[in-house]
Amino acid sequence: MANDVWVVVEHESGQPKKISLELLGRAGQLALALGGKAVAFVPGRDVSAVARALGPYGADIVYTAQDPLLEPYTADAQTQVVGEALRKEQPTLVLIGSTAQGRDYAPRLAARLGAAIVTDCASLEVDNSSLVATRPMYTRKAIGTVMYASEGIRIAVVLPAVYPVPQADPKRTAEVRAMRIPLDAKQIRTKVHEVQAIKRETVPLTEADVIVSGGRGLRGPENFALLDALAKALGAAVGSSRPPVDSGWVPHDYEIGQTGKTVSPQVYLACGISGAPQHLAGMSGSKHIVAINKDPNAPIFQLADLGIVGDLFEILPKLTEAVKKAKGGNRD
Amino acid sequence: MNIVVCVKQVPDTEAPIRIKPDGSGIDEMGLNLVMNYYDEHATEAGLRLKEQFGGTVTLIAAGPERTKEALRTGLAMGADEAMLITGPGLEQSDHLGMARVLAAAIKALPHDLVICGKLSTDDNASIVGPALAELLGLPQATAIAHLEVDASATTALVHREVEGGVEILEVPLPALLTVERSLNEPRYPSLPGIMKAKRKEIKTSTSTDQKVAASSRLTKLVPPPKRQAGRVIEADADKAVAEIVAFLKNDAKVL
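Predicted model, so just to flag it, every value in this text is computed and none were measured.

J.: Help me understand the side chain of D39(B), please; the structure alone is not making it clear to me.
T.: Residue and element names in this part refer to chain B. Within the secondary structure, D39 is located in helix α1 (residues 37–53). Buried charge D39 goes without a salt bridge, the closest partner of opposite sign being K8 at 8.2 Å. Not counting chain neighbours up to four residues away, the residues in contact with D39 comprise V5, C6, V7, K8 and G117.

As structure tokens, this is what we get:
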């Protein structure tokens, strides 16, 4: 309905992804302000388990759209199904996660519907019944405020980790409604050969609350093992600045910065990273920053909440042990 | 193979920007404006396919007159033609409006592939590419890090980085691709290339799109919140570890 706020839910192995729960929490608050309902829309092959999981996180209504052609994900199938659902129900606002999928189909969807779209939203507010977003621009050298026009469907592609995952209320249930949206194999022009998983024992960068990141100061690829060990102890992801990528120590998907990923975790632990503007563009939105560097003049210390001038090769193994101990202690 | 590459002119990312005192945008005085570097990768991808299959690489941009400089960079790299669309409405246009203007122009050109950068480093919006694919009725592959076109030039096999893996996707041509930095290493313009680009005529047309009325608009631009430097301490390993663990527990609350 006209004042509802939708979330298009991404899921994996029968579970909603963290970003979708973050958006559902925000959708509940915005729906309240706009006088509508928080609606989760779940496209996929078999999404009954995912649909059941969403009520406790704040969905008032869950729409499912099940079709084997929706998996694996393709822009063609996703745009068709989400687009038809939106045309039918005409919500005022649609939240989509800024993920590989979201960034791929959301602009296409907006073009199809003629809907207003704002990407990379770092906040989304209702201000005097207008909808206003803020977003990093100019490689994070500026923050822009963008106002949506008031007519029609509005799409917001929201960055991960800007809103918390709401506390689940196990007693809360949502009404689940199946939507039938015709999808023809001929409408899907691209063909996914495979999705090769990158085998890594640590959490994906975009889903991590804690990121342990390494720079030129690590001196070589073998020393990234120090970060892996710490990340495993912390339940963190591992990233890097640009020099380790350019030197071939780690693959391109590690890179955080202007030419890589933008992250905003609870904690960013920068190890042997000097803090070039190109790197800061990707991580200065982190809630807490800890830096270890042997150079007391490293620019990273100008924005770190805690800066350690010291030898990371001595500190990291001991830190890993201390974290293991602290985590073990919590369990008792 | 007929390849169209979309180009945008943006402030050089290496230089600082000045935000206008009224927050309405950035001050362009003395600003070094360059071709968006993802578009250099897009141009390089087009040139390599032309070398492999023959055909032409046509650059297209929508923007003010000064955008011609960015187009000349691409011509100097080796592109065959360049087109600029100007128009009084473009400045008020949002990204969908821009995609509409580009789509109208590209429809009139033969195109087996349309290639864009995955984003432009000014707005960082990454909207125009997929929106353009929709408006042209083309299949898409975004943020590609690897590209192979089969010998008969009927399909492209691309790699896209997705969360936790790499998606290997087959896309039938004609198609629209947006490219990641790791796709290739853009060539430097050669001296003869630069000379030739200077003399090359850039076709200019005026957009008469009446529907550019924006569905969203930038109302304010401010510098990012300044982070206060915290405590910086020189410490041996034991003290450093104690400090970090205390911070993770008490301040960040992740332990």
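J.: What exactly am I supposed to notice about the pattern of salt bridges here?
T.: Pairing between side chains of opposite charge can happen when the charged atoms of each approach one another. All chains considered together, the criterion is met by 35 salt bridges over all chains. Across the pair R112(A) and E134(B) runs a salt bridge, and its minimum N-O distance is 2.8 Å. With R112(A) in helix α4 (residues 100–113) and E134(B) in helix α4 (residues 128–136), this residue pair bridges two chains. Given a relative accessible area of 26%, R112(A) falls into the partly exposed group. Assessed through its relative accessible area of 16%, E134(B) is described here as buried.

J.: Please explain the nonpolar core as it appears in this structure.
T.: With 57 residues, the main nonpolar core has W6(A), F41(A), I155(A), I60(B), I106(B), V114(B) and L132(B) as its most contacted residues. At eight residues, helix α3 (residues 95–107) of chain B tops the list of elements feeding residues into this core. Not counting residues up to four positions away in its chain, the partners in contact with V114(B) are V4(B), C6(B), I106(B), L132(B), L136(B), L138(B), A175(B), L176(B) and L177(B). One finds A236(A), I308(A), L319(A) and V245(B) within the second-largest nonpolar core, a separate group that totals 39 residues.

J.: It is not clear to me how the packing of helix α3 (residues 75–89) of chain A against α4(A) should be interpreted in this structure. Could you clarify?
T.: Between two packed helices, the angle of one axis relative to the other and the distance separating the axes together describe the packing. Residue and element names in this part refer to chain A. Interhelical geometry of α3 versus α4 gives an angle of 45° and a closest axis separation of 9 Å. Here α3 lies oblique to α4, going by the angle between them. Considering how the two elements wind past one another, α3 and α4 form a crossing that is right-handed. Across from A75, D76, Q78, T79, Q80, V82, G83, L86 and R87 in α3, the residues of α4 making contact are D104, Y105, R108, L109, R112 and L113. Across the contact of α3 with α4, the residue classes tally to six nonpolar, four polar and five charged.

J.: Just to check I follow, could you spell out the interface of chain A and chain B for this structure?
T.: It is common to report an interface's size as the accessible area lost on association of the parts. Tallying the contact residues gives 82 residues for chain A and 79 residues for chain B. A combined buried area of about 6,900 Å² lies between chain A and chain B, and 59% of that area is made up of carbon and sulfur atoms. Contact with chain B buries area across many residues of chain A, yet R108(A), Y138(A) and K141(A) alone supply 10% of it, more than any other trio. Across the contact surface, chain A and chain B share eight salt bridges.

J.: Just checking my understanding: could you explain α3(A) for this structure?
T.: Residues spaced three or four apart along an α-helix point in a common direction, a consequence of the helix completing one turn every 3.6 residues. A rise of 1.5 Å per residue sets the reference length of α3(A), with its 15 residues, at 21 Å; its end C-alpha atoms lie 21 Å apart and thus fit the reference within 8%. Within α3(A), 12 of the 15 residues are buried, which leaves it mostly tucked inside the rest of the structure. Regarding α3(A), the residues found buried are A75(A), D76(A), A77(A), Q78(A), T79(A), Q80(A), V81(A), V82(A), G83(A), A85(A), L86(A) and E89(A). Its buried side turned inward, α3(A) meets β1 (5–8), β4 (38–44), β5 (61–66), β6 (93–97) and α4 of chain A together with β7 (140–149) of chain B. Of the residues trailing α3(A), Q90(A) is marked for its positive phi of about 45°.

J.: What exactly am I supposed to notice about the domain arrangement of chain A here?
T.: All names here are of chain A. As assigned here, chain A comprises domain 1 (5–187) and domain 2 (205–331). Computed over C-alpha atoms only, the centres of domain 1 and domain 2 are separated by 31 Å. Between domain 1 and domain 2, the contact holds seven residues from the first and 11 residues from the second. Our count for the domain 1 to domain 2 interface comes out at one salt bridge. The salt bridge partner of K18 is D209, with a shortest N-O separation of 3.4 Å. Our count for the contact surface shared by domain 1 and domain 2 stands at four residue pairs in polar contact (both at pLDDT 80 or more).

The rules behind each value
Residues numbered from 1 in each chain as written. Chains lettered and ligands numbered in written order. Predicted model: local features only at pLDDT ≥ 70, side-chain atom pairs only at ≥ 80, totals over all residues. Heavy atoms only, no water. Helix = DSSP H or I, 4+ residues; strand = E, 2+ residues; numbered from the N terminus. Buried < 20%, exposed > 50% of the residue type's maximum accessible area, 1.4 Å probe, protein only. Lys, Arg positive; Asp, Glu negative; His and termini not counted. Salt bridge = Lys/Arg side-chain N within 4 Å of Asp/Glu carboxyl O. Contact = heavy atoms within 4.5 Å. Core = buried A, V, L, I, M, F, W, Y, C linked by side-chain atoms within 4.5 Å. Axes fitted to C-alpha atoms, helices over the stretch in contact; angles between N-to-C directions. Parallel < 35°, antiparallel > 145°, perpendicular 65-115°, else oblique. Left-handed = near helix turned anticlockwise from the far one by under 90°. Nonpolar A, V, L, I, M, F, W, Y, C, P; charged D, E, K, R; others polar. Buried area = accessible area lost by both parts, 1.4 Å probe. Expected span 1.5 Å × (residues − 1). Domains from an automatic or database assignment. Polar contact = N/O pair within 3.5 Å; in protein donor to acceptor, adjacent residues only side chain to side chain.

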